[in-house]
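Now for the letters of each chain:
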Amino acid sequence: MPLHQDVLWYKDAIVYQVHVRTFQDSNGDGIGDFPGLEEKLDYLLELGINAIWLMPFFPSPLRDDGYDIADYSTVHSSYGTLEDFRKLLGSAHDRGIRVIIEMVLNHTSDQHPWFQESRSSKDNPRRDWYVWSDTNTRYQGTRIIFLDAETSNWAWDPISTSYYWHRFFSHQPDLNYDNPAVREQMWNVMKFWLEMGVDAFRLDAVPYLVEREGTNCENLLETHEILKELRRQLDEHFPGRMLLAEANQWPADLRPYFGDGDEFHMAFHFPLMPRMFMGLKLEDRKPITEILQQTPEIPPSCQWSLFLRNHDELTLEMVTDEERDYMYDMYAQDKTMRLNLGIRRRLAPLLNNDRRRIELMNGMLMSLPGTPIIYYGDEIGMGDNINLGDRNGVRTPMQWSGEWNGGFSAADPEHLYAPLIQDPVYGYPAVNVLRQKASEHSLLNWMRSIITVRRSTAVFGRGSIEFLYPANHRILAYVRRLGNEAVLVVNNLSGTAQAVELDLRRYKGNILIEMSGQNMFPRVGDQPYLLTMGPYQFYWFRLRRV
Ligand code: NOJ
Ligand code: CA
């Protein structure tokens, strides 16, 4: 099927998040690039993913790893040329892999020519492209996001002797979305990349587009109207393309980003993610079932995107103070692991490198309702380096082999954009793709097989969910259903063996087929269905009437 024919493709996607600079360096300058990533597409294909999300690759002073964009219409020269990007896009499409790129709408770098003009004088035609003020006292109800780096959302500009508004670093001035020229320009930017053939955008920091006095300047109606207008343009000119919202908000505030199916196609489920880690530590399903019960229904064309880790700190913004303390105590006793309101660690170290817990968490990621996103390196259990500043500890080079620079680059190690992980447990001689490919029972091969099972049915991407509430609350069980198909998922969140009795009366007469081995389990009868489960074990069963 040509790539754009199925407009709901994102529902069946398995997304791999990768930063071009971290993946493969093709020219030996120590920085990953487009040709390097292109070389590795077959690796991704073998892993079973069918979409990649690329972090920002635009010209940038890289003071926020590219989320500070200085030019939206080309690529950063360290990563290659625009032609190299086009080639990568074509090669991905040839393999049936869709390409999601990043689009930062809310702010630019202070090095962007628009800001340079805007600050140059109060009557510059671009003055009104950013949010200026003579005082730093407006919009007092607005929280500060980068708490460890910033003390105000206003910064003083000595050149034009006034303050400008910024929700993130002070070198990232917010664009003024009340200005129609800004709105038009940003659509033109999106159009440029859509015409080139990109399949989707992850739209960064969307809750913050518009500011209004007396509000918290998040999720405003005016912001939603702007986003709806972008969607309208997208549907009119580029049907089949997709918008993914980065809105770190509570479920009730997230829901409006889907509109009536006329705003975003997808949005990250930020509140669920920390609660999966919480449920695991508490050995109790409640944090997970509770947040999913509080999650409103979304329009049929929409989809959640689920993740365990990404390039940022494991955010604890969408939890209560008590829950945050618990998470810090359990997962980041060492205070250097904490950043802003979160934990700057990768999946494997968070889970003490316990293979059973890593599998269980990935099993939930792949079976709860939504489209899973795998953060690069987590498929081999890469570690992190908390000695690197900010969020850089989870952005180290991909570990391909035990050879020179882990196979990432031919450069002198001191020229790499960041050092490879070297410690005895997670270092590249121990944790790498080559080694895991060769070992039948590696995490990599396990990930490949679970992705294959996930992709064997549309029920995980498109089906409904119904929770079962067995008396044993250490068990998280649910049935995913789509048409005549039903899959029962049973997760043991505890580190000890458990027995559970499931009420499957509604499926009386069905047999259970365990999906990874295709083995039959006893038929469902009148009695509660008894299962015994090892520590952190989980099952996916197809329910079949025979
Ligand atoms: C969210 C991104 O995920 C993060 O990495 C970035 O620093 C901020 N938005 C600002 O763009
Ligand atoms: Ca390079």
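Undergrad: Tell me what's going on with the overall build of the protein chain, and back it up with residues and numbers.
TA: Scanning the protein chain from N- to C-terminus turns up 16 helices and 22 strands. The C-alpha radius of gyration of the protein chain comes to 24 Å, within 12% of the 24 Å expected for a compact globule of 546 residues. Counting only C-alpha atoms and orienting by the principal axes, one finds that the protein chain spans roughly 80 × 55 × 50 Å. Within the protein chain, the proportion of its 546 residues that are buried is 63%. A separation threshold of at least 6 residues defines the contact pool for the protein chain, and within that pool the share at least 24 residues apart is 68%. With the model as given, the accessible surface of the protein chain reaches about 20400 Å², and the carbon-plus-sulfur share is 49%.

Undergrad: Can you tell me about the pattern of salt bridges, naming the residues and giving the values?
TA: For the coordinates displayed, the defined rule picks out 39 salt bridges. The salt bridge partner of aspartate 12 is arginine 462, with a shortest N-O separation of 2.6 Å. Taken together, the residues span a long stretch of sequence, with aspartate 12 in the segment before strand 1 (15-18) and arginine 462 in helix 16 (residues 459-462) at a distance of 450 residues. Judged by relative accessible area, which is 30%, aspartate 12 ranks as partly exposed. Looking at arginine 462, the relative accessible area reads 28%, which means it is partly exposed. Lysine 228 is the salt-bridge partner of glutamate 263, the closest N and O atoms lying 3.0 Å from each other. Of this pair, glutamate 263 sits in the loop between helix 8 (251-254) and strand 9 (266-268) while lysine 228 sits in helix 7 (residues 221-237), placing them 35 residues apart in sequence. The class for lysine 228 is partly exposed, based on a relative accessible area of 29%. What emerges from the salt-bridge pattern is a single network uniting Arg21, Asp64, Asp65, Asp312, Asp390, Arg391 and Arg395.

Undergrad: Tell me about the packing of helix 9 (residues 272-282) against helix 13 (residues 355-367), residues and numbers included.
TA: Contact geometry of helix 9 with helix 13 gives a least axis separation of 11 Å together with a crossing angle of 135 degrees. Between helix 9 and helix 13, the interaxial angle falls into the category oblique. The element helix 9 and its partner helix 13 pack so that their crossing is right-handed. Here Met276, Phe277, Leu280 and Lys281 of helix 9 lie close against helix 13, whose contacting residues are Arg357, Leu360, Met361, Met364 and Leu365. Of the residues that constitute the contact of helix 9 with helix 13, the class distribution is seven nonpolar, no polar and two charged.

Undergrad: How would you sum up the pairing of strand 10 (residues 303-307)? Please name residues and give values.
TA: When you tally the buried positions in strand 10, you get five out of five residues, the bulk of the element. Residues Gln303, Ser305 and Phe307 of strand 10 are buried on one face, and the alternating residues Trp304 and Leu306, pointing to the opposite face, are buried as well. Bridge count for strand 9 against strand 10 is three bridges, and the pairing is parallel. Counterpart to phenylalanine 268 in the pairing with strand 10 is serine 305. Examined bridge by bridge, strand 10 and strand 14 (residues 371-375) share three bridges and lie parallel to one another. Among the inter-strand pairings, serine 305 is bridged to a residue of strand 14, identified as threonine 371.

Undergrad: Residues and numbers for the sheet that holds strand 3 (residues 98-104), please.
TA: Pairing within the closed barrel is parallel, and its eight strands lie in the order 1-2-3-7-8-9-10-14. Taking the axes of each pair of neighbouring strands and ignoring which way they run, one obtains an average angle of 25 degrees across the sheet. Pairing of strand 1 with strand 2 (residues 51-54), which is carried by four bridges, proceeds in the parallel orientation. Bridging across to strand 2, valine 15 finds its partner in alanine 51. Across the sheet, helix 6 (residues 180-196) is in contact with strand 3, strand 7 (200-204) and strand 8 (242-245); its angle to strand 3 comes to roughly 160 degrees. Most of the contacts of helix 13 go to strand 14, to which it runs at about 140 degrees, and overall it touches strand 10 and strand 14.

Undergrad: Hey, could you go over the coordination of the calcium ion (ligand 2) for me, with residue numbers and the actual values?
TA: Within the protein, Asp25 (OD), Asn27 (OD1), Asp29 (OD), Ile31 (O) and Asp33 (OD) serve as the donor atoms for the calcium ion (ligand 2), at 2.2 to 2.4 Å. Positions of the donor residues of the calcium ion (ligand 2), expressed as sequence spacing, correspond to D-x1-N-x1-D-x1-I-x1-D. Overall, the relative accessible area of 5% leaves aspartate 25 in the buried class. Judged by its relative accessible area of 31%, aspartate 29 falls in the partly exposed class.

Undergrad: If you had to explain the site of ligand 1 to someone new, which residues and values would you point to?
TA: The full set of residues close to ligand 1 is Asp64, Tyr67, His107, Phe146, Phe168, Arg202, Asp204, Glu246, His311, Asp312, Arg391 and Arg395. Contact between ligand 1 and aspartate 312: an oxygen atom at 2.5 Å from a side-chain N or O atom of the residue. Arginine 391 is positioned such that a nitrogen or oxygen atom in its side chain is 2.9 Å from an oxygen atom of ligand 1. Relative to its free-state accessible area of 290 Å², ligand 1 is covered by the protein chains to the extent of 98%.

Undergrad: Give me the sheet that holds strand 15 (residues 464-468): which residues, what numbers.
TA: Paired through backbone hydrogen bonds, the strands of a sheet run either parallel or antiparallel to each other. Reading across the sheet, the six strands line up as 15-16-17-22-19-20 and stay open at both edges, with antiparallel pairing between neighbours. Every interior strand has two partners, whereas the edge strands, strand 15 and strand 20 (519-521), have only one. Strand-to-strand twist across the sheet, computed as the mean angle between neighbouring axes with direction ignored, equals 30 degrees. Strand direction decides the pairing type here: strand 19 (residues 510-514) and strand 20, joined by three bridges, are antiparallel. Looking across to strand 20, one finds that glutamate 514 is bridged to asparagine 519.

Rules and cut-offs
Residues numbered from 1 in each chain as written. Chains lettered and ligands numbered in written order. Predicted model: local features only at pLDDT ≥ 70, side-chain atom pairs only at ≥ 80, totals over all residues. Heavy atoms only, no water. Helix = DSSP H or I, 4+ residues; strand = E, 2+ residues; numbered from the N terminus. Rg over C-alpha atoms; globule rule 2.2 N^0.38 Å. Buried < 20%, exposed > 50% of the residue type's maximum accessible area, 1.4 Å probe, protein only. Contact = heavy atoms within 4.5 Å. Areas by Shrake-Rupley, 256 points an atom, 1.4 Å probe, with all protein chains shown as cover. Salt bridge = Lys/Arg side-chain N within 4 Å of Asp/Glu carboxyl O. Axes fitted to C-alpha atoms, helices over the stretch in contact; angles between N-to-C directions. Parallel < 35°, antiparallel > 145°, perpendicular 65-115°, else oblique. Left-handed = near helix turned anticlockwise from the far one by under 90°. Nonpolar A, V, L, I, M, F, W, Y, C, P; charged D, E, K, R; others polar. Pairing = 2+ DSSP bridges. Donors = N, O, S within 2.8 Å, 3.2 Å for Na, K, Ca; no water. Near = heavy atom within 4 Å. Polar contact = N/O pair within 3.5 Å; in protein donor to acceptor, adjacent residues only side chain to side chain.

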